[in-house]
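# Architecture and fold: a report
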Amino acid sequence: MDEIIRDDLPICTAECFANKKGRCIALKNVIDELCPFYKTEQQAADSRHKAEKRLWDIGREDLIEKYGGEI
Ligand code: SF4
């Protein structure tokens, strides 16, 4: 199914995990071309896996969906 992306989201041209059809789904405002939140799809997946592992390690599996799950 095609993802519906709101047209009021900020425009971004970076090849970033949060760029969906030319719009940023992570931020309300795009800061500049050197966005500190830029991540590749692989970097974002690695961060999610690391967060999930940490939640398992500290016994907070209840938070995995919120902080370690897929976006
Ligand atoms: S997080 Fe930054 S680099 Fe990524 S899509 Fe949003 S504005 Fe662009």
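Residues numbered from 1 in each chain as written. Predicted model: local features only at pLDDT ≥ 70, side-chain atom pairs only at ≥ 80, totals over all residues.

### What to know about the overall build of the protein
Filter applied, for reference: Only DSSP runs of H or I with at least four residues qualify as helices, and only runs of E with at least two residues qualify as strands; both kinds are numbered from the N terminus onward. In this treatment the radius of gyration is a C-alpha quantity, and the globule benchmark scales as 2.2 Å times the residue count to the 0.38 power. To sort residues by burial, count the other C-beta atoms lying within 10 Å of each one's C-beta; a count of 20 or more means buried, 12 or fewer means exposed, and anything in between means partly exposed. C-beta atoms are built from the backbone.
Of the regular secondary structure elements, the protein holds two helices and two strands. Each helix and strand of the protein, placed in order from N terminus to C terminus, yields the pattern β-β-α-α. Taking 2.2 N^0.38 as the reference for a compact globule, 71 residues should give roughly 11 Å; the C-alpha atoms of the protein span a radius of gyration of 14 Å, well beyond that estimate. Seen through its principal axes, the protein has C-alpha atoms that stretch 40 × 30 × 20 Å. Taking all 71 residues of the protein together, the buried fraction comes to 4%.

### Description of the domain arrangement of the protein
Where we set the bar: Throughout, the edges of the domains are those of an automatic or database domain assignment.
Domain annotation for the protein reports domain 1 (1-38) and domain 2 (40-71). Each of domain 1 and domain 2 has a C-alpha centre, and these two points are 21 Å apart.

### Some details on unusual backbone geometry
The phi torsion at K21 lies on the positive side, around 55 degrees, for a residue other than glycine. Locating K21 in the fold gives a position in the loop between β1 (19-20) and β2 (23-24).

### Some details on the site of the ligand
Rules: Any residue whose backbone-placed C-beta atom lies within 6 Å of a molecule or strand is treated as near that molecule or strand. Each residue is assigned to one of three groups, with Ala, Val, Leu, Ile, Met, Phe, Trp, Tyr, Cys and Pro labelled nonpolar, Asp, Glu, Lys and Arg labelled charged, and all others, Gly among them, labelled polar.
Near the ligand, the surroundings consist of C12, A14, C16, A18, N19, C24, A26, L27, V30, C35, F37 and Y38. Residues of the shell around the ligand, tallied by class, amount to 11 nonpolar, one polar and no charged.

### Regarding the environment of E65
Positionally, E65 belongs in helix α2 (residues 64-68). E65 sits in the exposed class, given 11 other C-beta atoms within 10 Å. A sequence separation of 15 residues divides E65 from K50, and the C-alpha atoms of the two residues are 13 Å apart.

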